[in-house]
Amino acid sequence: MKGFKRENQLLSLCGLNCGLCPMFLGNHCGGCGNGNQSCKIARCSIEHGGIEYCFECSEYPCETYQHIDEFDSFITHRRQKSDLEKAQAIGIEQYNLEQKEKMDILAYLLSHYNDGRRKNFYCVAVNLLELSELREVMKQIKEKKELSSLSSKEQILYVVDMLQEIADARNIKLKLNKKK
């Protein structure tokens, strides 16, 4: 969108974790504020003086956020509001550090345990699970010596099952919620 620029490409204006998005990872999206398609939230930001994050607006949370997390696009929207709240509480710098660590975990999972069909699964899992849970998964993967003796398919299923088990325990669905 013309006239809309942002420095932070890890957390969008509206609270999406761009660094964990399959479109961003595949270089199909330049991220928020890099000339990508028109966005009503970007337009709103310009109208409100070019705020960097919606939580900086005196009208936040506005009607746009009433149902924003019900459906997903290429990336899950389920944590937009809570991620904005977290970024506001701990500060953007600390939030970005956590997101960079999540991006490193995602990159590792995609490069070692992706059979070509797991990209969305891993993007959703890394986005929705807590960093402490992801650290534990990574620790278990690296400590499990028998993992290397398994076939590639068995290794992938082992990692997917670990992530799914954590999600199930927290009642988190690791699939995108599409509009019907």
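Residues numbered from 1 in each chain as written. Predicted model: local features only at pLDDT ≥ 70, side-chain atom pairs only at ≥ 80, totals over all residues. Heavy atoms only, no water.

1. Let's talk about the overall build of the chain
Then, number 1: Looking only at helices and strands, the chain has seven helices and zero strands in total.
Then, number 2: Reading the chain from its N terminus to its C terminus gives the helix and strand order α-α-α-α-α-α-α.
Then, number 3: At 17 Å, the chain has a C-alpha radius of gyration in line with the 16 Å of a compact globule built from 180 residues.
Then, number 4: Per-residue burial for the chain yields a buried fraction of 44% across its 180 residues.
Then, number 5: A sequence separation of at least 24 residues applies to 71% of the contacts in the chain between residues at least 6 apart.
Then, number 6: Of the roughly 10,200 Å² that the chain leaves accessible, carbon and sulfur atoms contribute 50%. (Helix = DSSP H or I, 4+ residues; strand = E, 2+ residues; numbered from the N terminus. Rg over C-alpha atoms; globule rule 2.2 N^0.38 Å. Buried < 20%, exposed > 50% of the residue type's maximum accessible area, 1.4 Å probe, protein only. Contact = heavy atoms within 4.5 Å. Areas by Shrake-Rupley, 256 points an atom, 1.4 Å probe, with all protein chains shown as cover.)

2. Things to note about helix α3 (residues 80-90)
Then, number 1: Every buried residue belonging to α3 is among Gln 80, Asp 83, Leu 84 and Ala 87, and all of these are buried. Each buried residue of α3 lies within a common arc of 100° when the element is viewed along its axis, so the set occupies one face.
Then, number 2: Packed against the buried residues of α3 are α4 (92-112) and α5 (119-128).
Then, number 3: Downstream of α3 by one or two residues, Gly 91 has phi in the positive range, about 95°. (Arc of directions from axis to C-beta.)

3. Comments concerning the packing of helix α6 (residues 131-143) against helix α7 (residues 152-169)
Then, number 1: Running from N to C, α6 and α7 point in directions that differ by 150°, and their axes come no closer than 11 Å. As judged from the angle between their axes, α6 and α7 are roughly antiparallel. Relative to α7, α6 is oriented so that their crossing is right-handed. Facing Glu 133, Leu 134, Val 137, Gln 140 and Ile 141 of α6, the residues of α7 in contact are Tyr 158, Val 159, Met 162, Leu 163 and Ile 166.
Then, number 2: Residues that form the contact of α6 with α7 fall into these classes: eight nonpolar, one polar and one charged. (Axes fitted to C-alpha atoms, helices over the stretch in contact; angles between N-to-C directions. Parallel < 35°, antiparallel > 145°, perpendicular 65-115°, else oblique. Left-handed = near helix turned anticlockwise from the far one by under 90°. Nonpolar A, V, L, I, M, F, W, Y, C, P; charged D, E, K, R; others polar.)

4. Comments concerning the pattern of salt bridges
Then, number 1: All told, the structure shown has eleven salt bridges when counted by the stated rule.
Then, number 2: The salt bridge involving Arg 78 is made with Asp 72; its shortest N-O contact spans 3.7 Å.
Then, number 3: You can call Arg 78 partly exposed: its relative accessible area is 22%.
Then, number 4: For the salt bridge of Arg 170 with Glu 130, the shortest nitrogen-to-oxygen distance reads 3.9 Å. Remark: Glu 130 occurs in the loop between α5 and α6 and Arg 170 occurs in the segment after α7; sequence separation between them is 40 residues.
Then, number 5: Salt bridges here are not isolated pairs; linked through shared partners, they connect Arg 79, Asp 83, Glu 130, Glu 133 and Arg 170. (Salt bridge = Lys/Arg side-chain N within 4 Å of Asp/Glu carboxyl O.)

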